[in-house]
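For reference, the chains in residue letters:
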Amino acid sequence: MCMVALLAGCTAATDIEKQVDELYGRMSQEERIAQLRSMYMDELFNDAGQLDTAKCRELIPNGIGHFSQYASQKPRGAEELRDRVAAVQEWLMKNTPNGIPALFHEEVLSGINTLGATIYPQQIGQACSFNPELAELKTRQTSTAMRKMGGVLSLSPMVDVCRNPSFNRLEESYGEDGYLSAVMGVAFVKGLQQGDLRKGVGACSKHYLGYGGGGDADEKELMEEILFPHEAMIRQAGSNALMPGYHAVHGTNCVANSEILQDILRDYLGFDGMVVSDYTAIDQIPDLQSPVEKAAAAINGGCDVDFPHGANYQYLQEAIDSGLVTPEVLERAVKNVLRYKFRAGLFDKNPNLYAKGEIQLDTPEERQTAYDIATQSIVLLENKGVLPLSTSLFGLLSEARKEPFNILLTGPNANSMWAMCGDYSYPAMSYFWKMMEDVAEMDQPHVVTLLEGMKHKLPKGLSLKYERGCDWTEEIETIFNKGGDERAWDYDILHRKVDSGEKADKAEALRLAGEADFIIAAVGENVMLCGENRDRQGLRLPGKQEQYVNELLATGKPVVLVVFGGRAQVISGIAERCAAVIQAWYPGEEGGNAVADILFGNVSPSAKLSVSYPDTELNTPVCYNNPSPVAVHPSLSAPSPILATPNVKWPFGYGLSYTTFEYQNLKVAESANTSDASVSLSFEVKNTGKMAADEIAQVYLSPTSDNQNIRPIQLQGFARVSLQPGESKTVTMKLYTEQFGYYSHEAQRQWNIAPGVFVVKVGASSADIRLQERVTLLGEPVVKPLREHYFSEMRVE
């Protein structure tokens, strides 16, 4: 009899443990090891697209634990993918000894990595929205569609706290701040999992611990800040899968590192989920020659599953027979996988393995969410009065002029989908990994370019001309980077540059620039200049783009610089001479419409930087919470402190609007006890300009003496406040006393709340503090193993 029928419907944790034990006891050793391996679904299908049962009997007679990136191997529609998943799951449940279904996983960083699925803005841009509600909506939409297609597990989100501006994968992260990354990561998990792994798609916290920077930090920083997003996702949102990074911590590769996978993750945080390797990470364990040794090192260190195809874990039986791996270690790993499958409902009487009927991707609601996130992700860095480009704002000049104002749109990212799609989107993954070149084939769903968006949104009284004028690069700038997924350690994959399909006629562009009233220069990176395994020399604009912008500036016409890409790029020297500067990141499929609406004033920019924006080449960590202060502990009667971070042009939390805001009436409880749960505060924000807009009000905490064990300044809360002209709203905040605390490792790892005097700061950025008041914590020090509250609670009314 099939085990699915015998193991139906368990819900309670104790029942799950009992069922896991019973199932494990029934399994052969071959079945157990198969649960720790993965493969690609296409290996089981013939050229006609039919499941090849002979291949199934040959390759997976004892089942298989996982299927790797099942939705992105080839361009296939959602229903075809669903049908393939259905065929595989049916075969597994009817033809393997215990009928155990597999976990099909895919990347979902900016939507499902598959043909036709919505392409949302890249993570680094979404972080600038400071909007966890939209982040949760995005992943809820993603998981609803993916579960219909048979997907049960994702390999997202990436929550590395990235403080090196040059890191080539910074775009996948939420930026440099642990608090913001944790808030957005928790929102990602809540939306994706939908509060029930039987209904939603499982999240996977990566790249644990410190892959994007901080893995070599001191223990206090590592545990307080770098661990923070992973810890909050696990303990606040129920994330049940985790992926270690490719790097080493304290000399041991993370995939085989028992200090971080056992001591910290399981013993300290209490994680009881499944640990999966990054693709080929086990292969990269140094100083071990055989796959048997590598498999033993990884599973003994705490890694349960070998992705993408179990190249090393296929030798686990040999490792057990030779005494390198104990039966108890194998049991731990297999039970972690089985437990996850029970939690995901794969053994339910009527398991939610896929949906029948039509599956619609990229619905109007999903496109609207992509647009909303994009408009809230685009940061206005400079504006000398030229934006918005709206005739209603040109006043008498526009009324007296009979001819329309002429706008020239130019630059390599003006008419390209590669300005919109970040790494791990379907087009980017197809271009890079599959070496697909046909843009039309990858443009599903349709990606709105900036030229298309501006044409669609162009106001009356303005005319638009376009000439590319400049390519991204003239030579191949992508640097071979032997790190990350070793599948990309290939000359042909890396040694190429994107073909725009357009001629870049600089002479014609400069002629049109001379006739224009305004110039929009769309510059920056593309899929081959930033991303996993892709790097280039420096952070200045690639190729001859900077030279081209200088030539545009030489015309004397106002130049609006729109920078696309996955990182902050060094634009000092030209930014100061531009009439306006916009950082658009990779804004997704609706990015062209979103940028156009901001340029033309249909939407006021509201995003704030999630990173410190460098003014010079930097390949070292930089973070606002470790500044060089002019006045660290100013008197409250003195002007607001200026916290200057060296080599930073625009600080964390910074972003301009088309209106102005006034902060006033900060009220904070003067004191609280260290044993109290929280401190209450409130303040008002008023729109003092002429345009409806959102302001992101930020609350920071600072010490008043050097012997307090907290950062000089640290984000502890934020609120997005929507205001009509002249309107004022009150922001009320519950700031938990645990947020005043710090980590230490004495007799044990612990969280400490110490008495002392602190400064609560309310500002428009980390360097623009508008209001501040002192609050005193009284009483005896409080020690806890772990925090119970990670985030403040904000209310706007």
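Heads up: the structure comes first, above all this text.
Note that this is a predicted model, so its numbers are computed, not measured.

1. With respect to the sheet that holds strand β16 (residues 559–564)
Item 1. One open sheet accounts for six strands, arranged β10-β17-β16-β14-β11-β12; its pairing is mixed. The open sheet terminates on both sides in strands that have one partner only, identified here as β10 (379–383) and β12 (462–467). Here the strands of the sheet are splayed against their neighbours by 20° on average, with no regard to which way each runs.
Item 2. Where strand β14 (residues 518–524) and β16 come together, six bridges link them in parallel fashion. Of the residues in β16, the one forming a bridge with Ile520 is Val560.
Item 3. Across the face of the sheet, helix α21 (residues 506–515) comes into contact with β11 (405–410), β12 and β14 while running at roughly 160° to β12.

2. Quick look at the nonpolar core
Item 1. Grouped together as the largest cluster of nonpolar side chains are 172 residues, with contacts concentrated most on Leu387, Leu561 and Ile571.
Item 2. The dominant element in this core, judged by the number of residues it contributes, is helix α14 (residues 327–343), at eight residues.
Item 3. When neighbours within four sequence positions are excluded, Leu387 is seen to be in contact with Leu380, Val560, Ala580, Ile582, Leu599 and Tyr658.
Item 4. Core analysis: the second largest hydrophobic core is formed by 59 residues, Ala102, Met146, Phe188 and Ile696 among them.

3. Side note on empty space enclosed by the protein
Item 1. One pass over the full model with this rule turns up seven cavities of 30 Å³ or more.
Item 2. Along the walls of the largest cavity sit 21 residues, with Glu224, Gln714, Gln716, Gly741 and Trp751 positioned nearest its centre.
Item 3. Elements supplying a minimum of two residues to the lining of the largest cavity: α8 (178–193), α9 (219–226) and β26 (714–723).
Item 4. Of the residues assigned to the lining of the largest cavity, the class counts are eight nonpolar, six polar and seven charged.
Item 5. Here the second largest cavity is characterised by a volume of approximately 90 Å³.
Item 6. Lining the second largest cavity are 15 residues; nearest its centre among them are Glu107, Asp278, Tyr424, Asp485 and Glu532.

Basis of the calculations
Residues numbered from 1 in each chain as written. Predicted model: local features only at pLDDT ≥ 70, side-chain atom pairs only at ≥ 80, totals over all residues. Heavy atoms only, no water. Pairing = 2+ DSSP bridges. Helix = DSSP H or I, 4+ residues; strand = E, 2+ residues; numbered from the N terminus. Axes fitted to C-alpha atoms, helices over the stretch in contact; angles between N-to-C directions. Contact = heavy atoms within 4.5 Å. Core = buried A, V, L, I, M, F, W, Y, C linked by side-chain atoms within 4.5 Å. Buried < 20%, exposed > 50% of the residue type's maximum accessible area, 1.4 Å probe, protein only. 1 Å grid on protein atoms, 1.4 Å probe; cavity = no way out; pocket = protein on both sides within 12 Å on 5 of 7 lines; lining within 4 Å. Points joined across faces, edges and corners; volume = space filled by probe spheres on them. Nonpolar A, V, L, I, M, F, W, Y, C, P; charged D, E, K, R; others polar.

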